[in-house]
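A closer look at the structure
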Amino acid sequence: MFIFWFSLSGQTKPLFLIFGAICSLLVAYWSHDLLIGKLEKGPDLKKFIRMIAYLPWLAWQIVLANWHLVYLVLHPKMPIDPTIMRYEHDLKTNMGITVLANSITLTPGTTSIDADRRELIVHAISRKTAEDLLSGSMLAKVREIEGGARR
């Protein structure tokens, strides 16, 4: 904020620099909820470690989905059966919902279209990709990141 103020004003007198710094801090403090949003709570080392542990599993799922798409594309009949489905979840945090939606989109053959507190709207390119998602393994992994298994 201060760098932006300085680039616009060009003032180098100490009094102007002090006022610019104070005003920049006040504007940042007053508008941080608008620009960043309210944080649910501070950093959680356990969630961070669980997220790091989740990434190799997600990478493997991406590899498997890529192989399935290669099969679909190279199959002589191209057995593509696209569908849009509602995928209900029980995640409690915005972080959990975001991780799930992004994981679905990162996995080839599926795309998250919309997300809310109860469900995701997902496009799947074939019946197998939809069934794999409905098996709940990805949701269970994201639940673990969020703070433990439920259901």
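Residues numbered from 1 in each chain as written. Predicted model: local features only at pLDDT ≥ 70, side-chain atom pairs only at ≥ 80, totals over all residues. Heavy atoms only, no water.

A closer look at the environment of histidine 68
Test applied: Only DSSP runs of H or I covering at least 4 residues are called helices, and only runs of E covering at least 2 are called strands; the numbering of each starts at the N terminus. Whether two residues are in contact is decided by their heavy atoms, any of which lying within 4.5 Å being enough. Each polar contact in these results corresponds to two N or O atoms within 3.5 Å; when the atoms are within protein, one needs to be able to donate a hydrogen and the other to accept it, and residues that are neighboring in sequence are counted only if both atoms are side-chain atoms.
With respect to the helices and strands, histidine 68 occurs in helix 3 (residues 45-74). Through-space distance from the C-alpha of histidine 68 to that of proline 108 is 8.8 Å; in sequence the pair is 40 residues apart. Not counting residues up to four positions away in its chain, the partners in contact with histidine 68 are Ser126, Lys128 and Thr129. Among the polar contacts listed, one links the side chain of histidine 68 to the side chain of serine 126, at a separation of 3.0 Å.

Re the side chain of serine 112
Here serine 112 shows up in strand 2 (residues 110-115). There is a polar contact of 2.8 Å between the side chain of serine 112 and the backbone oxygen of alanine 101. With near-sequence residues (within four places) excluded, serine 112 lies in contact with Ala101, Ile104, Thr105 and Ile121.

Observations concerning the nonpolar core
Side chains of nonpolar character tend, in soluble globular proteins, to be buried together. Condition: Nonpolar core, defined: a set of buried Ala, Val, Leu, Ile, Met, Phe, Trp, Tyr and Cys residues in which side-chain atoms within 4.5 Å join the residues together. Only protein chains enter the area calculation, which uses a 1.4 Å probe; residues under 20% of their type maximum are buried, those over 50% are exposed, and those in between are partly exposed.
Counting residues in hydrophobic clusters, the biggest one holds 20 residues, and the most contacted among them are Tyr54, Tyr87, Leu100, Ile104, Leu120, Val122 and Met138. Listed by contribution, the elements that provide at least two residues to this core are helix 3, strand 1 (83-88), helix 4 (94-106), strand 3 (119-124), helix 5 (127-134) and helix 6 (137-146). With five residues, the top contributor of residues to this core is helix 4. Apart from residues lying up to four places away in sequence, methionine 138 is in contact with Tyr54, Trp57, Leu58, Leu100, Ser103, Ile104 and Thr107.

Let's talk about a nonpolar patch on the surface
What counts is decided by this rule: Residues enter patches when their relative accessible area tops 30% and they take part in no salt bridge; the joining distance is 9 Å for like charges and 5 Å for the nonpolar side chains Val, Leu, Ile, Met, Phe, Trp and Tyr. Values of accessible area rely on a 1.4 Å probe in the Shrake-Rupley scheme; residue burial ignores everything except the protein chains shown. Salt bridges are identified by distance alone: a Lys or Arg side-chain nitrogen within 4 Å of an Asp or Glu carboxyl oxygen.
Among the surface-exposed residues, Trp60, Val63, Leu64, Trp67, Val70, Val73, Leu74, Met78 and Ile80 lie close enough to one another that they form a single nonpolar patch of about 900 Å² accessible area. In this fold, valine 63 is placed in helix 3.

Thoughts on the sheet that holds strand 1
Here is the rule: Two strands pair under a simple rule: DSSP has to find at least two bridges between them. Whenever a helix is involved, its axis is fitted only over the stretch in contact; in every case the axis is a line through C-alpha atoms, and angles between N-to-C directions fall within 0 to 180 degrees.
The three strands are arranged 1-3-2 in an open sheet whose pairing can be described as antiparallel. Strands with a single pairing partner mark the edges of an open sheet, and in this sheet they are strand 1 and strand 2. On average, each strand axis in the sheet is tilted by 30 degrees relative to the strand beside it, whichever way the strands run. Note that strand 1 and strand 3 share six bridges and pair antiparallel. Bridge pairing links isoleucine 84 to histidine 123 in strand 3. Running at roughly 150 degrees to strand 2, helix 4 makes contact with strand 1, strand 2 and strand 3 of the sheet.

Observations regarding the packing of aromatic side chains
Spelled out, the test is: Working definition: a ring pair exists when centres of Phe, Tyr or Trp rings (six-membered ring for Trp) sit within 6.5 Å. Plane angles under 30 degrees give stacked, over 60 give edge-to-face, the rest tilted.
Counting across every chain of the model gives two aromatic pairs. Ring centres of phenylalanine 2 and tryptophan 5 lie 5.6 Å apart, and the angle between their planes is 25 degrees; on these two criteria the pair is classed as stacked. Residue phenylalanine 2 and its partner tryptophan 5 are both found in helix 1 (residues 2-9); the two are separated by three residues, about one turn of the helix. We classify tryptophan 5 as partly exposed; its relative accessible area is 24%.

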